Amino acid sequence: MNTLSDINFALRTLIKNPKFTALTVFVMTTGLTLCIYMFSFIHGSLVAPLPFEKGDRIRAVDTIKSGMEYQGASVRVHDFEYLKERVQSYEVFSAYTVNTVNISTSDRALKFRGHYVQESFFEISDAKPLLGRLITNDDGLSGAEPVTVISHTIWQNMFAGDKNVLGKKLRINTEPTTIVGVMPDSYQFPSAGRIWLPYTTTAKGIARKNGRSVAVYGVLKPGISDEQANIELRGLMAELEETYPKLNSNTSAHAWTFQAAAMGSGTQIVILAMELSVGFILLLACINVGNLLFSRAIEKGKETAIRTALGAPRAKLVMQMMWESTLICIISGVLAVLFAGLWLELTNKGLLSSFPFEPPFWWHVQITQTSIIAAIVITLVTAFITGILPALKATSGDFNATLRDGTRGAQSKSSGRLSKGIVIAEVVLSCALLLLSTGMVYSVNQQNNIDYGTSVENIFTARVGLPEAEYKSDEKRLQYYQNLKATLISEPEISAVSFTQGLPGNDVPYRTISLEGVDYGSKPQYPSSSYVGVANNYFSVMAMNLREGRTFDSRDKIDSPLTAVVTDNFVNKFFKDGVALGKRFKFSDSDNAWYTVIGVVNDVIYGQPIPLNIEKPTAFLSLQQAPTRFVAVVIKTTANDAQDVTGLPEMVANITQKIERDAPAYDVKTLRSSIMARNAGMNFISELFIVFAAASMVLAFSGIYGVMSNTIIQKTQEIGIKRALGADNSDIYKHFIKQGLKQLVIGLCIGVPIGIMLVTMLEKASLAQGSLMIYVGVPAFISFVILLAVYYPVSRALKMEPCAALRHE
Amino acid sequence: MKTLIKLTNIKKVFSTDEVETHALSDINLEVKQGEYLSIAGPSGCGKSTLLSLLGLLDTSSSGSYTLDGHDVVDINAKQRAVIRNKEIGFIFQSFNLISELTVAENVALPLTYRKDLNKTERTDLVTAALEKVDMGHRTKHYPSQLSGGQQQRVAVARAIAGNPSIILADEPTGNLDSKNAELVMALLDKLHAEGATICMVTHDPRGAKRADRVIEIFDGRIVSDSPTSETYIEEAVA
């Protein structure tokens, strides 16, 4: 009953003070919304568990070459088979491959990522087919009938959900293939699988240097830690490096979760930065609400003193005050769950669709049961934190003195210290958070506006993958290139056409090379370079600068000596004398063919524009000398901006299909949108951090303003005394600004190093970038905010006549 | 003796949206240099408002006010601050010392707003003022470490430190016991004897008797203005 009346009293108090209630609820809702959103996002995506029985023990095994972590199909099949025979840490150790597959019917052709898998693949992922059966190891044996298991999407889109689909044939990469199973809609392992085929890759009869790369996965034995598994892997890979020093130079491997592999090695740091940021924001919100409640408690000091005089026990008074914070936090918590839910919905709709890849199927970016539990816990903890300290402080004073009203208007030393401490804490938190956020936003902005070293705006791109059976010979592939180019160039919107294996801003292979005349010893540590096959006219179509020598031309034929055009980075890294023309190199891990450098061009950025990629050396190889089945078509438009050309994607798709029905163009888009999609993840994080920065500024400003305003209100009488003694307005401003500056300097002295440390930490993962502008601008901005927060309440106090200020209570 | 303060037809009206309160009406008052004036009257009659106007802590609604021959009605806030600082010393009922400052710092406070004094001069004036009120031995104490009487003596020192033309005291003994009240009043007597002009609002007849002249205010008007001797003889007779 008492509790009910306490709640009732707290509720009445909140209703009676709508402005106070609105302000505290706003502040707390802001903090809690960000916190719940971030919790739900991180736990629904980046660290979401694999929804399988052994999900917590499933690992991807990827290679590390020259310090770079690769993911997906990165292990040479020979290495995989060597590892499989020896690893002890896994109860399952297997592999799959991924290829783009063309599925064609009589009237259309579609491209999908096909997964070539073994039985264990389905076993570890708890797969149960909706119709038919799964792939078995027998399906992969030589001479077995070609079979496939299709996804629910393909079943619906291509067969309209026909229940008699089993046994029907699909033309996959020109080969008729029997459908033996349909997977349920929910099954998309390993990330966004659409079609599954038998695994046939083997090392048998294949020269090591020609061995394909496979994606390796395993299930750790119970009780085996990642560290143990990695020690074993490193040991076995070291043996391979020892045995095959040329092919396996600088090559190791590591096991990591599928979740980490899907997002890359920087994920943990991003998560840490996000968690720190929302933590800071929630702390700011708690400080602000706590401070507001404390101010209210001081205002109600007389009421508290009367209650104490009437015999109310302290615990009872504390509980009564706590209900106020509890109600504020509960209201805020409910609103925060609603807002966070809406925000997550928007994230799902808008942002995830802009990613260049389909989000892994285990991502569920939404309010879940776990989010609700977390929201309840966070809300209750914040209610306790924001309520208990003000309540204890407010009930610990001399109630007799309060009743006698002997200390009117004065701010006690301890509450003065508390106010100063709050301002310092707000400066520290907002400074660290703003530096971190601006560092990230600055970095992403730099990345979005970076010069990739080629034309970008007037370029359209498309990818084609020629079927292996039909395009085994180099001549046929070259013929295809010529046909496609001739057809496309006849279109009025197109001014030039070229081909490349990799587009700027997209990842390209990175391999170890050896330079002619350099002795790498018996345990060679070969350097690495990116390499990209390009057509003869690629450099002119992409408006690249030839530094010296020549680019590819008709002299670079299939049967003539191999040639390469290298970038400035390549020259600077490998030819200290600056002379590159005529020098030779070869790829140390595959063949013995030497490439002669015939020209040097400007650097081009492949992959995300992070320092590591910006500094990478690149060798361009002639597609004329080594035409590949998979290429990107580069289409230069007559318009300055490729986005202005309408109907081009459809036109390119039609033309490619007319030329080769089994090789429809896919990923038809402008180069700019391809680059933007590649940066979508970083842009998303950057946008989040803009929200963090804005929230922290709003909270810090309102908090500091609140504290300063409260301090100045409590010092109104002191202002009156000083004015009575002859202080003019400027003296009063100076006094408070000086006090504010002291707290500002202390706050900045702590906050700036923390912020710089956080930026540096993210800088190492290429997620943020510091600059003098940020390190000066952010503290300057906070100083400006503090000055405003001091100026306004002081000017308000100065509007009072000194005699009114003297009487102020 | 020259006229230090001259108020002519002073009115003070406090207005809210609905109510107009006439705190002071038709106040005409002259205070000579060296005079010791006591302002008496019941609670809410306008005594403190008058003292606020005299001390330039508030502005009148109409009327004229000359201080030491200078019109102080139409001057700006900065000029008013300069006059408060140099010409007026305040003593308040609740002492109004700043709790975060030491005794010496409190006394030095008005002097820190003056541009014409260097640090040594300020220190000398503070020391002299504290010696005068017999508080020279407590310079480093904080107000909370002093008794009420001691705090008011420090407040008196602060009021006289800058050698003002006039001392305005608002119920200076209101928060003190009789013994300490006597000490403070004796201090004011001493200052008066040394030539200080004092205007004091007080309820306490014992304090009022010490002044040369008493004005009584009722409902915002001066209802009597006479030498102290006459006022208290009449009261005694009555």
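Residues numbered from 1 in each chain as written. Chains lettered and ligands numbered in written order. Predicted model: local features only at pLDDT ≥ 70, side-chain atom pairs only at ≥ 80, totals over all residues.

Chemist: Please clarify how the overall build of chain A should be interpreted in this entry.
Modeler: On a plain count of helices and strands, chain A comes out with 24 helices and 23 strands. Taken along the three principal axes of its C-alpha coordinates, chain A extends 105 × 60 × 60 Å. Counting the 809 residues in chain A, one finds 44% classified as buried. Across chain A, contacts joining residues at least 24 apart in sequence account for 84% of those joining residues at least 6 apart. (Helix = DSSP H or I, 4+ residues; strand = E, 2+ residues; numbered from the N terminus. Buried ≥ 20, exposed ≤ 12 C-beta atoms within 10 Å, placed from the backbone. Contact = placed C-beta atoms within 7 Å.)

Chemist: Would you mind showing me how to read the overall build of chain B here?
Modeler: What chain B contains, in helices and strands, is eight helices and ten strands. At 18 Å, chain B has a C-alpha radius of gyration in line with the 18 Å of a compact globule built from 238 residues. Taken across its 238 residues, chain B has 44% of its residues classed as buried. Sequence-distant contacts, at least 24 apart, represent 69% of the contacts inside chain B between residues at least 6 apart. (Rg over C-alpha atoms; globule rule 2.2 N^0.38 Å.)

Chemist: For this particular structure, what's the right way to read the interface of chain A and chain B?
Modeler: Between chain A and chain B, the residue contacts involve 16 residues of the former and 17 residues of the latter. At the level of elements, α21 (716-724), α22 (729-764) and α24 (802-807) of chain A are the ones that each hand at least two residues to the side of chain A that touches chain B. Per-element accounting of the side of chain A that touches chain B gives the leading share, five residues, to α21 of chain A.

Chemist: Looking at this model, I keep getting lost on the sheet that holds strand β2 (residues 20-32) of chain B. Mind explaining?
Modeler: Within a sheet, neighbouring strands are paired by backbone hydrogen bonds and run either parallel or antiparallel to one another. Residue and element names in this part refer to chain B. The strand order across the open sheet formed by four strands is β2-β1-β4-β5, and the pairing between neighbours is antiparallel. The strands lining the two open edges of the sheet, one partner per strand, are β2 and β5 (70-71). The sheet contact formed by strand β1 (residues 3-15) and strand β4 (residues 62-67) spans five bridges and is antiparallel. Bridge pairing in β4 links Ile5 to Leu67. (Pairing = 2+ DSSP bridges.)

Chemist: Just to check I follow, could you spell out the domain arrangement of chain A for this structure?
Modeler: A common way to express how large an interface is: the accessible area buried when the components associate. Residue and element names in this part refer to chain A. Taken domain by domain, chain A consists of domain 1 (1-67 + 250-407), domain 2 (68-249) and domain 3 (459-679). Across the contact, 28 residues belong to domain 1 and 28 residues belong to domain 2. Every element with two or more residues in the side of domain 1 that touches domain 2 is listed here: β1 (58-65), β12 (251-257) and α7 (258-263). Of the residues in the side of domain 1 that touches domain 2, the class split is 13 nonpolar, eight polar and seven charged. (Domains from an automatic or database assignment. Nonpolar A, V, L, I, M, F, W, Y, C, P; charged D, E, K, R; others polar.)

Chemist: Would you mind showing me how to read the packing of helix α20 (residues 680-714) of chain A against helix α23 (residues 772-798) of chain A here?
Modeler: Two quantities define a packed helix pair, namely the angle between the helix axes and the distance between the axes. Residues and elements named next belong to chain A. Closest axis-to-axis distance for the α20/α23 pair is 9 Å, and the angle between their directions is 35°. Classified by chirality, the crossing of α23 by α20 is right-handed. On the side of α20, the interface is formed by Ala700, Phe701, Ile704, Tyr705, Met708, Ser709 and Ile712, while α23 contributes Val785, Ile786, Ala789, Val790, Pro793, Val794 and Ala797. Taken together, the residues of the contact of α20 with α23 sort by class into 13 nonpolar, one polar and no charged. (Axes fitted to C-alpha atoms, helices over the stretch in contact; angles between N-to-C directions. Left-handed = near helix turned anticlockwise from the far one by under 90°.)

Chemist: It is not clear to me how the sheet that holds strand β10 (residues 221-227) of chain B should be interpreted in this structure. Could you clarify?
Modeler: All names here are of chain B. In space, the six strands of this open sheet follow the order β6-β7-β8-β3-β9-β10, with mixed pairing throughout. The two strands at the open ends of the sheet, each matched to only one other strand, are β6 (88-91) and β10. Sheet twist, expressed as the mean angle between neighbouring strand axes with direction ignored, is 15°. Relative to strand β8 (residues 197-201), strand β3 (residues 36-40) is paired through four bridges, and the arrangement is parallel. When the sheet's bridge partners are listed, Tyr36 is paired in β8 with Ile198. Across the face of the sheet, helix α1 (residues 47-54) comes into contact with β3, β7 (166-170), β8 and β9 (213-218) while running at roughly 150° to β8.

Chemist: Would you explain the environment of Val566 of chain A in this entry?
Modeler: Residues and elements named next belong to chain A. Along the chain, Val566 falls in strand β18 (residues 563-567). Judged by C-beta crowding, with 28 C-beta atoms within 10 Å, Val566 ranks as buried. Residues Val566 and Ser529, spaced 37 residues apart in sequence, show a C-alpha to C-alpha distance of 9.9 Å. Every residue in contact with Val566, bar those within four places of it in the chain, is listed here: Val571, Ala580, Val597, Val600 and Ala619.

Chemist: Is there a simple way to explain the confidence of the model for chain A in this structure?
Modeler: Low pLDDT means the predicted coordinates in that region are not meant to be read closely. Here chain A averages 85 in pLDDT, and 95% of its residues register 70 or above. Per-element averaging of pLDDT across chain A places helix α12 (residues 399-404) of chain A at the bottom with 59 and β18 of chain A at the top with 96. (pLDDT = per-residue confidence, 0-100.)

Chemist: What exactly am I supposed to notice about helix α6 (residues 226-243) of chain A here?
Modeler: Every α-helix carries 3.6 residues per turn, so stepping three or four residues along brings you back to the same face. Residues and elements named next belong to chain A. Between its first and last C-alpha, α6 extends 26 Å over 18 residues, near the 26 Å set by a 1.5 Å rise per residue. Every buried residue belonging to α6 is among Ala229, Leu233 and Met237, and all of these are buried. Viewed along the axis of α6, the buried residues span an arc of 60°, placing them on a single side of the element. Of the exposed residues in α6, those oriented more than 90 degrees away from the buried face are Glu227, Ile231, Gly235 and Glu242. (Expected span 1.5 Å × (residues − 1). Arc of directions from axis to C-beta.)

Chemist: What is the right way to read the environment of Phe499 of chain A from this model?
Modeler: Residue and element names in this part refer to chain A. As for its position among the elements, Phe499 is in strand β14 (residues 494-500). Counting along the chain gives 132 residues from Phe499 to Val631, while the straight-line C-alpha distance between them is 6.5 Å. Ignoring any residue separated from it by four or fewer positions in sequence, one finds Phe499 in contact with Tyr481, Ala535, Leu623, Val631, Val633 and Val634.

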